[in-house]
Amino acid sequence: MKKAAKGKKPAAAKKGALARRDTPVDVVPVAHVPVPHVTAPRPLGPPKVETSELALRSETIEAAYETWQEHREHHRAALTRLEEERRKLEQQGEFVLGAVRAARDASGPQGEGNGAALAAASPLDAYLTESSQKLEQAKRELEAAASASAAKWEETFARIRAEVRVRVQRQLALVKPRLVLRVRALAGDKRILHVDRPGPDEAVLLCFLFTGRLPSRYGYLFDDSTDDLRESPPTLYAEEGVLPAHVRPDAHALEQLLETKTEALPLKGMLPMRLPSLLRLIERGPIMEAEVADGVGFRNVLSRDEAERIAGQLLKMKLEGWIQLDLLAE
């Protein structure tokens, strides 16, 4: 038996021939292509809130509205995450299709003829099918999570609105909001009506008395901000079902909004009422000016009869014990 040469190691025994590689070298390995999956933070639902927790913070109307606004901001953040996740899934789907096209292009002219391209088609098609199925599954999971989240949000907002309503009704049982109506006579027997702007609590109470609904925000009557300096400030917030394009409603659109069955009105800088025709008190700094619906627009110069009907309706509410009213001539 011969000894191995000094300084050399015996050659390792062969374990068998390497398996044949049928997949072309240029084909992208399946394991290296990302698989679609849901990455949105969980939960998309609202933070837990109980009526007892609201009471612990404060029994005031303002405190309840603060909770409402906090949850509204959480909700907007959740919707943003949801849309971002939908966008990511669409991008993943586009990337998978692009990767498959690139792999097929790479295995074409540089491959070993049509046989190599056909051999590559099978794993690529299998990968595309598998990835498409996973993508659709991820989309179904996301939409299921979104649906469950929407139900939880609606339940939470309903609980908060109910608490706000209870506090408003409790306040109305103790305090009657005061209105100071000022009548200004113009030439031609015309009138302009001004109302001293009430405080934030009273503004909420008056909205509830005039419309039967809650304003969506506590300081709605003090907000004269605008998103476009070329136009008058919007009279609605883009919430509670109102789209950003509809925040400056004409008389017909405002009438339709008041006829809806929603529990809250996204009013901003105005207070509507019916006498029975549509009227709005529009914020003008420390006062509000009465405007009646006139076609699709509003008119602030009133006839004597119109002014008296408005004053008469408010006087009726005073006599029924709903409000306090002062009538002043300027």
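The present account deals with the structure reproduced in this document. (Residues numbered from 1 in each chain as written. Predicted model: local features only at pLDDT ≥ 70, side-chain atom pairs only at ≥ 80, totals over all residues. Heavy atoms only, no water.)

## Observations regarding the packing of aromatic side chains
Okay, step 1: Under the criterion given, the structure shown has three aromatic pairs.
Okay, step 2: Between Y65 and W68 the ring centres are 5.3 Å apart and the planes differ by 20°, which places this aromatic pair in the stacked class. A residue pair is termed a helical-turn pair when its members lie 3 or 4 positions apart in one helix, as Y65 and W68 do in helix 2 (residues 61–106) at three residues. As far as burial versus exposure is concerned, Y65 and W68 are alike and both buried.
Okay, step 3: Three or more aromatic residues joined by ring pairs form one cluster here, namely Y65, W68 and Y218.
Okay, step 4: A cation sits over an aromatic face here: R217 above Y237, 4.1 Å from the ring centre.
Okay, step 5: In this structure, R280 is placed above the aromatic ring of F298, and the distance from its NZ or CZ to the ring centre is 3.9 Å. (Phe/Tyr/Trp six-rings, centres within 6.5 Å; stacked < 30°, edge-to-face > 60°. Helix = DSSP H or I, 4+ residues; strand = E, 2+ residues; numbered from the N terminus. Buried < 20%, exposed > 50% of the residue type's maximum accessible area, 1.4 Å probe, protein only. Lys NZ or Arg CZ within 6 Å of the ring centre and 35° of its normal.)

## With respect to the pairing of strand 2 (residues 190–196)
Okay, step 1: Among the seven residues of strand 2, five are classified as buried, and the element is accordingly described as predominantly covered.
Okay, step 2: In this sheet, strand 2 lies alongside strand 1 (residues 178–186) in antiparallel orientation, the contact comprising six bridges. Along strand 2, the bridge assignment pairs R184 with I192.
Okay, step 3: Once strand 1 ends, the chain turns through three residues before running back antiparallel as strand 2, passing G188 with a positive phi of about 75°.
Okay, step 4: With two bridges joining them, strand 2 and strand 9 (residues 302–303) adopt antiparallel strand pairing. (Pairing = 2+ DSSP bridges.)

## Details of a nonpolar patch on the surface
Okay, step 1: Together, L315, L319 and L327 give the surface a local cluster of nonpolar side chains, amounting to about 300 Å² of exposed area.
Okay, step 2: Inspection of the secondary structure puts L315 in helix 6 (residues 304–319). (Patch = residues over 30% accessible without salt bridge, like charges linked within 9 Å, V, L, I, M, F, W, Y side chains within 5 Å. Areas by Shrake-Rupley, 256 points an atom, 1.4 Å probe, with all protein chains shown as cover. Salt bridge = Lys/Arg side-chain N within 4 Å of Asp/Glu carboxyl O.)

## A word on the pairing of strand 7 (residues 287–294)
Okay, step 1: Examined bridge by bridge, strand 2 and strand 7 share three bridges and lie antiparallel to one another. The residue of strand 7 that forms the bridge with D196 is I287.
Okay, step 2: Between strand 6 (residues 278–284) and the antiparallel strand that follows it, strand 7, lie two residues; G285 among them carries a positive phi value of about 75°.
Okay, step 3: Of the pairings in the sheet, the one linking strand 7 to strand 8 (residues 297–299) comprises three bridges and is antiparallel in character. Its bridge partner being in strand 8, A293 is matched across the sheet by F298.
Okay, step 4: The turn joining strand 7 and strand 8, which pair antiparallel and follow one another in sequence, is formed by two residues; a positive phi near 70° is taken by G295.

## Here we look at the environment of G321
Okay, step 1: Counting through the fold element by element, G321 comes out in the loop between helix 6 and strand 10 (324–329).
Okay, step 2: With 145 residues separating them along the chain, G321 and K176 place their C-alpha atoms 7.6 Å apart.

## Thoughts on helix 5 (residues 251–259)
Okay, step 1: Among all positions in helix 5, only A251, L254, L257 and L258 are buried. In a view along the axis of helix 5, the buried residues occupy a sector of 120°, so they form one face of it. Set apart from the buried face of helix 5 by more than 90 degrees, the exposed residues are Q256 and E259.
Okay, step 2: The inward-facing, buried residues of helix 5 abut helix 4 (200–211), strand 4 (264–265), strand 5 (270–274), strand 6, strand 7 and strand 8.
Okay, step 3: Near the N-terminus of helix 5, the side chain that reaches the backbone nitrogen of H252, with its oxygen 3.1 Å away, is that of D250. (Arc of directions from axis to C-beta. Contact = heavy atoms within 4.5 Å. Polar contact = N/O pair within 3.5 Å; in protein donor to acceptor, adjacent residues only side chain to side chain.)

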